Amino acid sequence: MPDVSRLPRPVAETWDWQLRAACRGQDSAVFFHPGNERGCHREERESRAKQVCARCPVLDRCREHALSVEESFGIWGGLTEVELRSLITQRRRAGRRHTP
Ligand code: SF4
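Residues numbered from 1 in each chain as written. Predicted model: local features only at pLDDT ≥ 70, side-chain atom pairs only at ≥ 80, totals over all residues. Heavy atoms only, no water.

- Looking at an unreviewed UniProt entry, the chain carries the name Transcriptional regulator WhiB, with the source organism given as Kutzneria buriramensis.
- Heading Sequence similarities (unreviewed entry) of the UniProt record for the chain holds this comment: "Belongs to the WhiB family."
- According to the UniProt record, the Subcellular location (unreviewed entry) comment for the chain is "Cytoplasm". (UniProt positions renumbered as here; feature names shortened; annotations may be inferred.)

Pasting the structure below:
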């Protein structure tokens, strides 16, 4: 029998929150914009995505994931790319302040 003790451990528990996501099975185009999207089209799409996120039972987990891996594309945890970028920047600055 092969020795599997050195293989990576199963990580299902890391991702199983996604099974309860309100966006599961929905059109991903609501959460990820096309390259040429601008102005009111973007605002409307982001608003629709945020409405889905607002009723999502794993919103906090999703947001924390997006911040921890510094997601730069799409709506995550009810936040737009601009909002995510702002929080990521704040976290980086706060981290630098706490580094000895
Ligand atoms: S918070 Fe929004 S993007 Fe995240 S899993 Fe829930 S519905 Fe999907």
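**Observations concerning the nonpolar core**
Move 1: Residues Phe-31, Ala-49, Cys-53, Val-58, Ile-75, Trp-76 and Leu-84 are the most contacted members of the largest nonpolar core, which totals 19 residues.
Move 2: Going through the elements one at a time, α2 (39-54), α3 (59-68) and α4 (81-98) are the ones with two or more residues in this core.
Move 3: Among residues more than four places away in sequence, those in contact with Ala-49 are Val-30, Phe-31 and Ile-75. (Core = buried A, V, L, I, M, F, W, Y, C linked by side-chain atoms within 4.5 Å. Buried < 20%, exposed > 50% of the residue type's maximum accessible area, 1.4 Å probe, protein only. Helix = DSSP H or I, 4+ residues; strand = E, 2+ residues; numbered from the N terminus. Contact = heavy atoms within 4.5 Å.)

**Considering the UniProt feature "domain: 4Fe-4S Wbl-type" (unreviewed entry) in the chain**
Move 1: UniProt feature "domain: 4Fe-4S Wbl-type" (unreviewed entry): in the numbering of this structure it lies at residues 22-86.
Move 2: For residues 22-86, helix accounts for 49% and strand for 0%, while the C-alpha atoms at its two ends are 24 Å apart.

**Some thoughts on the UniProt feature "binding site: [4Fe-4S] cluster" (unreviewed entry) in the chain**
Move 1: Per the UniProt record, "binding site: [4Fe-4S] cluster" (unreviewed entry) is annotated on Cys-23, Cys-53, Cys-56 and Cys-62. With the annotated positions falling across 40 residues, the maximum pairwise C-alpha distance of 11.0 Å places them together in a single cluster. In the annotation above, Cys-23, Cys-53, Cys-56 and Cys-62 are the residues that line the largest pocket.
Move 2: Position of Cys-23 relative to the elements: it lies in the loop between α1 (12-15) and α2.
Move 3: The class for Cys-23 is partly exposed, based on a relative accessible area of 33%.
Move 4: Here Cys-53 lies in helix α2.
Move 5: Not counting chain neighbours up to four residues away, the residues in contact with Cys-53 comprise Phe-31, Leu-59, Ile-75 and Gly-78. (1 Å grid on protein atoms, 1.4 Å probe; cavity = no way out; pocket = protein on both sides within 12 Å on 5 of 7 lines; lining within 4 Å.)

**Description of unusual backbone geometry**
Move 1: You will see that Glu-70, though not glycine, has its phi angle at about 55°, which is positive.
Move 2: Checked against the element boundaries, Glu-70 lands in the loop between α3 and α4.

**Examining the pattern of salt bridges**
Move 1: Per the stated rule, a full pass over the model turns up 6 salt bridges.
Move 2: Salt-bridge contacts for Arg-45 lead to Glu-37; the nearest nitrogen and oxygen are separated by 2.8 Å.
Move 3: Residue class for Arg-45 comes out buried when judged on its relative accessible area of 4%.
Move 4: Within this structure, Glu-37, Arg-42 and Arg-45 form a network of salt bridges that share partners. (Salt bridge = Lys/Arg side-chain N within 4 Å of Asp/Glu carboxyl O.)

**Looking at the layout of surface pockets**
Move 1: There is about 310 Å³ of room inside the largest pocket.
Move 2: Taken together, 20 residues line the largest pocket, and the ones lying closest to its centre are Ala-21, Cys-23, Phe-31, Cys-62 and Trp-76.
Move 3: Going through the elements one at a time, α2 and α3 are the ones with two or more residues in the lining of the largest pocket.
Move 4: Counted by class, the lining of the largest pocket contains 14 nonpolar, 5 polar and 1 charged residues. (Points joined across faces, edges and corners; volume = space filled by probe spheres on them. Nonpolar A, V, L, I, M, F, W, Y, C, P; charged D, E, K, R; others polar.)

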